[in-house]
Amino acid sequence: MIYRDFGKTGLKVSAIGMGCEYVWTADEKQVYDLVRAAVEAGINYFDLFVGTPATREYYGKALKGLRDKVCLAGHLGCADKDGQYVKTRDEALCKDFLQQFYEKLDTDYIDVLFLHNCDDEADLNEILNGWMYAYAKELQDTGRVGFIGLSSHNTKTALEAVRSGKIDVLMFPVNPLFNLLPQDTADARMKGREVKAMTEEEKAAYPSKQELYELCGKQGVPIVAMKPFAAGNILKTLKKGD
């Protein structure tokens, strides 16, 4: 396994991480076998932003005795409601979900806490200047969180977050589909949302992904590549023999 410096954090993480979204309905044995096989293969970065309470318990059991060998990423700004993932900015729901993370995974420390799924300027302002960032900073200052990150699908929003100097890590889509389509239309198309055409003036003023990548490099903010297979869409379109 290749290990890379994780920006200015001082962490070294495996080039391949384990995002756990699509196995959150797996049973206990599947989770255990998957986690153990991943660690054995050298993977040391695990992101668990979704999952029922039972699933998080399964991961806690699977990681028992391995906590010092892995980096755990959690998320603030989401919850599970009636067994379903929801994005939310409700303070009580978010804090309860995060507290479950600590309890179910039997840990008192989260290596990277992502301010979750922020795609527009108003939401970013609310996050960075409201209770979410303040709470994340409190957890960081008291030693319960190592580094603060932000997850976003929007180049402009992500750029502003990095410029703010308040985040240590960025999670951002990096895949051929997303990178080839202009002005962040790829994620909208994947999710079936309406894509609004930009004027030429708007396009000229909109930041490029290259600009975002270069700023992250300059400021030592590592990028966790979200959706490397475009949320599975790239694989779904491949035909046998391609």
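Just so you know, these numbers come straight off a predicted model, no measurement behind them. (Residues numbered from 1 in each chain as written. Predicted model: local features only at pLDDT ≥ 70, side-chain atom pairs only at ≥ 80, totals over all residues. Heavy atoms only, no water.)

S.K.: A description of the overall build of the protein should follow, citing residues and the corresponding values.
M.R.: Across its full length, the protein carries eleven helices and eleven strands. Relative to its full complement of 242 residues, the protein shows a buried share of 46%. Carbon and sulfur atoms provide 52% of the accessible area of the protein, an area that totals close to 12,600 Å². (Helix = DSSP H or I, 4+ residues; strand = E, 2+ residues; numbered from the N terminus. Buried < 20%, exposed > 50% of the residue type's maximum accessible area, 1.4 Å probe, protein only. Areas by Shrake-Rupley, 256 points an atom, 1.4 Å probe, with all protein chains shown as cover.)

S.K.: Can you lay out the side chain of Gln 100 for me, pointing to particular residues and giving the numbers?
M.R.: Note that Gln 100 resides in helix α3 (residues 91–104). Given the relative accessible area of 15%, Gln 100 is considered buried. Gln 100 has contacts with Pro 53, Arg 56, Asp 80 and Leu 105, leaving out every residue within four places of it along the chain. (Contact = heavy atoms within 4.5 Å.)

S.K.: Lay out the nonpolar core in plain terms, naming residues and giving numbers.
M.R.: Ranked by internal contacts, the top residues of the largest apolar core, which has 46 residues, are Phe 46, Leu 115 and Leu 170. In terms of residue count, the dominant contributor to this core is helix α5 (residues 131–141) (five residues). With residues near it in sequence (within four places) discarded, Leu 115 still touches Leu 76, Ile 127, Leu 128, Met 132, Tyr 133, Ala 136, Ile 148, Gly 149, Leu 150 and Ser 151. The next biggest cluster of nonpolar side chains, apart from the first, holds 13 residues, and it includes Leu 11, Val 13, Val 112 and Val 169. (Core = buried A, V, L, I, M, F, W, Y, C linked by side-chain atoms within 4.5 Å.)

S.K.: Outline the sheet that holds strand β9 (residues 145–151), listing residues and values.
M.R.: Paired through their backbone hydrogen bonds, the strands of a sheet run either parallel or antiparallel. Read across the open sheet, the seven strands follow the order β3-β4-β5-β8-β9-β10-β11; overall the sheet is parallel. Both outer strands of the open sheet, β3 (18–19) and β11 (223–226), are each paired with one neighbouring strand and no more. Both strand β5 (residues 71–76) and strand β8 (residues 110–115) contribute to a ladder of four bridges, which runs parallel. Each residue of the ladder has a partner; that of His 75, found in β8, is Phe 114. Those strands touched by helix α10 (residues 209–219) are β10 (169–173) and β11, and its axis lies near 160 degrees from that of β10. (Pairing = 2+ DSSP bridges. Axes fitted to C-alpha atoms, helices over the stretch in contact; angles between N-to-C directions.)

S.K.: Describe in detail a nonpolar patch on the surface, supporting the description with residues and values.
M.R.: Together, Met 1, Tyr 3 and Ile 16 give the surface a local cluster of nonpolar side chains, amounting to about 300 Å² of exposed area. The class for Met 1 is partly exposed, based on a relative accessible area of 43%. (Patch = residues over 30% accessible without salt bridge, like charges linked within 9 Å, V, L, I, M, F, W, Y side chains within 5 Å. Salt bridge = Lys/Arg side-chain N within 4 Å of Asp/Glu carboxyl O.)

S.K.: Which residues make up α5, and what values go with them?
M.R.: Regarding α5, the residues found buried are Met 132, Tyr 133, Tyr 135, Ala 136 and Leu 139. Looking down the long axis of α5, one finds its buried residues gathered within 160 degrees of arc, a one-sided arrangement. Contacts made by the buried residues of α5 are with β5, α3, β8, α4 (121–129) and β9. Count one or two residues on from α5 and you reach Gly 143, which has phi positive near 85 degrees. (Arc of directions from axis to C-beta.)

S.K.: I'd like a description of unusual backbone geometry, backed by residues and values.
M.R.: In this structure, Asp 106 takes a positive phi of about 50 degrees despite not being glycine. By the element assignment, Asp 106 lies in the loop between α3 and β8. We note that Asn 117 has phi near 55 degrees; this positive angle belongs to a residue other than glycine. Note on placement: Asn 117 falls in the loop between β8 and α4. With relative accessibility at 11%, the residue Asn 117 sits in the buried group.

S.K.: So what's going on with the pairing of β9? Which residues, and what values?
M.R.: By the criterion of burial, β9 is predominantly enclosed, with seven of the seven residues buried. Relative to β9, β8 runs parallel, the two being bridged by five bridges. Along β9, the bridge assignment pairs Leu 113 with Ile 148. Looking at chain direction, β9 and β10 are connected through three bridges and run parallel. From the neighbouring strand, Gly 149 faces β10, where its bridge partner is Val 169. With helix α6 (residues 155–164) bridging β9 and the parallel β10, this β-α-β connection has right-handed handedness. (Right-handed = clockwise from strand over helix to strand, strands pointing away.)

S.K.: Could you give an account of the packing of aromatic side chains, naming the residues involved and the relevant values?
M.R.: Under the defined criterion, the tally for this structure stands at four aromatic pairs. Plain terms: the ring middles of Phe 49 and Tyr 85 are 5.2 Å apart, the flat faces sit at 90 degrees to each other, and that makes the pair edge-to-face. Separated by 36 residues along the polypeptide, Phe 49 in the loop between β4 (45–47) and α2 (53–62) and Tyr 85 in strand β7 (residues 84–87) bring together distant segments of the chain. Overall, the relative accessible area of 29% leaves Tyr 85 in the partly exposed class. Ring geometry for Trp 131 and Tyr 135: centres 6.5 Å apart, planes at 50 degrees, overall tilted. Of this pair, Trp 131 and Tyr 135 both sit in helix α5, four residues apart, which is roughly one turn of the helix. Against the face of Tyr 133 rests Lys 166, its NZ or CZ located 4.9 Å from the ring centre. (Phe/Tyr/Trp six-rings, centres within 6.5 Å; stacked < 30°, edge-to-face > 60°. Lys NZ or Arg CZ within 6 Å of the ring centre and 35° of its normal.)

Interpretation note: all reported values are geometric properties and have no functional meaning in isolation.
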